[in-house]
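# Coordinates in review
These are the residues of each chain, in order.
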Amino acid sequence: MSGVHKYPTISFRISPREREEIEAKILASGLSKKDYFVRSCIYNRVCVVGKKELVYQLVEELKIMQTNIREVTEQFEKTEIDLTPEGLEDMRNDCLDMLKAILWVLEGAKYLWQGSTNGEEKSPDSGNC
């Protein structure tokens, strides 16, 4: 029975800008798209507990951002700007999306450094997320 799926498909339309923001959050979460959407829809919030691999991935994204920002800064200093206004806007949006996603992940993981009032740390499974 080719082409028959066991479970129904859910779909919706979004703007290109919304897609970029969602893609950045999915990347920062370390989850698959399916898992991200399911958790987001069911729990109305996605709580991510960082793993070493996720942290390395975020560091790599930040390195790319650093390189891009350094190149643009050098161009501004020399007043020889190679970027088109659209290219600069795309870079700005990419950086902004990733920074928002990283802040979002850190907000969900703040239980790691903010203990409860009685001094005990709460895990995500304890109702913290």
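Scroll up to find the structure this text is about.
Notes on the structure in this doc start here. No experiment lies behind these values; they were computed from the predicted model shown. (Residues numbered from 1 in each chain as written. Predicted model: local features only at pLDDT ≥ 70, side-chain atom pairs only at ≥ 80, totals over all residues. Heavy atoms only, no water.)

## Describing the overall build of the protein
For the protein, the helix and strand inventory stands at four helices and zero strands. For the protein, the sequential pattern of α-helices and β-strands runs α-α-α-α. In the protein, buried positions account for 21% of the 129 residues. Of all intrachain contacts in the protein linking residues separated by at least 6 positions in sequence, the fraction that spans at least 24 positions is 53%. Carbon and sulfur atoms make up 54% of the accessible area of the protein, which amounts to about 10,100 Å² in all. (Helix = DSSP H or I, 4+ residues; strand = E, 2+ residues; numbered from the N terminus. Buried < 20%, exposed > 50% of the residue type's maximum accessible area, 1.4 Å probe, protein only. Contact = heavy atoms within 4.5 Å. Areas by Shrake-Rupley, 256 points an atom, 1.4 Å probe, with all protein chains shown as cover.)

## Remarks on a nonpolar patch on the surface
A cluster of nonpolar side chains, Ile10, Phe12 and Ile14, forms an exposed patch at the surface whose accessible area comes to about 350 Å². If you trace the backbone, isoleucine 10 turns up in the segment before helix H1 (16-29). (Patch = residues over 30% accessible without salt bridge, like charges linked within 9 Å, V, L, I, M, F, W, Y side chains within 5 Å. Salt bridge = Lys/Arg side-chain N within 4 Å of Asp/Glu carboxyl O.)

## A short note on the pattern of salt bridges
Summed over the entire model, instances satisfying the criterion amount to seven salt bridges. The salt bridge involving lysine 33 is made with glutamate 23; its shortest N-O contact spans 2.9 Å. Of this pair, lysine 33 sits in helix H2 (residues 33-43) while glutamate 23 sits in helix H1, and the two are ten residues apart along the sequence. Of the residues examined, glutamate 23 reaches a relative accessible area of 29% and is grouped as partly exposed.

## Side note on the side chain of glutamine 75
Inspection of the secondary structure puts glutamine 75 in helix H3 (residues 52-78). Residue classification places glutamine 75 among the buried positions, given a relative accessible area of 17%. Look past the residues within four positions of glutamine 75 in its chain and what remains in contact with it is Glu80, Ile81, Asp82 and Leu83.

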